[in-house]
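# Secondary and tertiary structure notes
Chain residues, written in single-letter form:
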Amino acid sequence: MDAAVARQALARRMLRCPGCGAALKPWGQARPRTVRDLDAGLLTVRPDRARCTACRRTHVVLGVGLLLLRADATRFLCQALVGAVRGHGHRQIAAGQPRLIGVQAVVALDPEALPGAGRGDPLAHAIEALVAAAVAVRRCGSGQRDLWSQIAVLTRGRLLAPSPAG
């Protein structure tokens, strides 16, 4: 969801605490952040903050254009991932977690859209699985119109976050 939709959902207490599941309520704004966007552009945002009505933890509410703990916009990072798949120089990005998220979403929504596992490059397979999942969500008539925004939603803003231990 974009920032305006997230703000409305927060005001209506429709967003849930990721820790305990209780409703979140508005709690001011986070510090301004400047992130890189496409075409070497810079984007300054000031996300909303929320506080849990039960456990009282605070959270930053990000729209789909931003990813957790990243200084780059979602579109910028996704373009970099596509470039990496095409061999334009990159470090091996931790492909396991994005692939797992993508495959799980495709299996749940449209198993016939699951990409083949025969690729040698795990990053290419991960991106293929995430794109297939985003397309499957779009076919179901819900989700974001923008493919990369839908991928940000599927990965819960953690597209390039380290895999959880265990």
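Residues numbered from 1 in each chain as written. Predicted model: local features only at pLDDT ≥ 70, side-chain atom pairs only at ≥ 80, totals over all residues. Heavy atoms only, no water.

Of regular secondary structure, the protein chain possesses five helices and five strands. In the protein chain, the succession of helices and strands from N to C terminus is α-β-β-β-β-β-α-α-α-α. Every one of the 166 residues in the protein chain was classed for burial, and the buried ones make up 36%. A fraction of 52% describes how many contacts in the protein chain between residues 6 or more apart in sequence connect residues 24 or more apart. Entry remark: accessible area of the protein chain is about 9,800 Å², with carbon and sulfur atoms responsible for 52%. (Helix = DSSP H or I, 4+ residues; strand = E, 2+ residues; numbered from the N terminus. Buried < 20%, exposed > 50% of the residue type's maximum accessible area, 1.4 Å probe, protein only. Contact = heavy atoms within 4.5 Å. Areas by Shrake-Rupley, 256 points an atom, 1.4 Å probe, with all protein chains shown as cover.)

Within the fold, D72 resides in the loop between β5 (58-61) and α2 (74-85). Here the side chain of D72 touches R36 through a polar contact of 2.5 Å, side chain to side chain. Not counting the four nearest positions on each side in its chain, D72 is found in contact with V35, R36 and L77. (Polar contact = N/O pair within 3.5 Å; in protein donor to acceptor, adjacent residues only side chain to side chain.)

This part covers the pairing of β5. Burial along β5 is one-sided: H59 and V61 are buried, and none of T58 and V60, which face the opposite way, are. The pairing of strand β4 (residues 48-52) with β5 spans four bridges and is antiparallel. Counted as the bridge partner of R51 is T58 from β5. Turn length for the β4-β5 hairpin, with the two strands adjacent in sequence and antiparallel, is five residues, and the turn residue R56 shows positive phi of about 70°. (Pairing = 2+ DSSP bridges.)

Inspection of the entire model under this criterion finds zero aromatic pairs. Lying across the ring of W27, R51 places its NZ or CZ 4.5 Å from the centre. (Phe/Tyr/Trp six-rings, centres within 6.5 Å; stacked < 30°, edge-to-face > 60°. Lys NZ or Arg CZ within 6 Å of the ring centre and 35° of its normal.)

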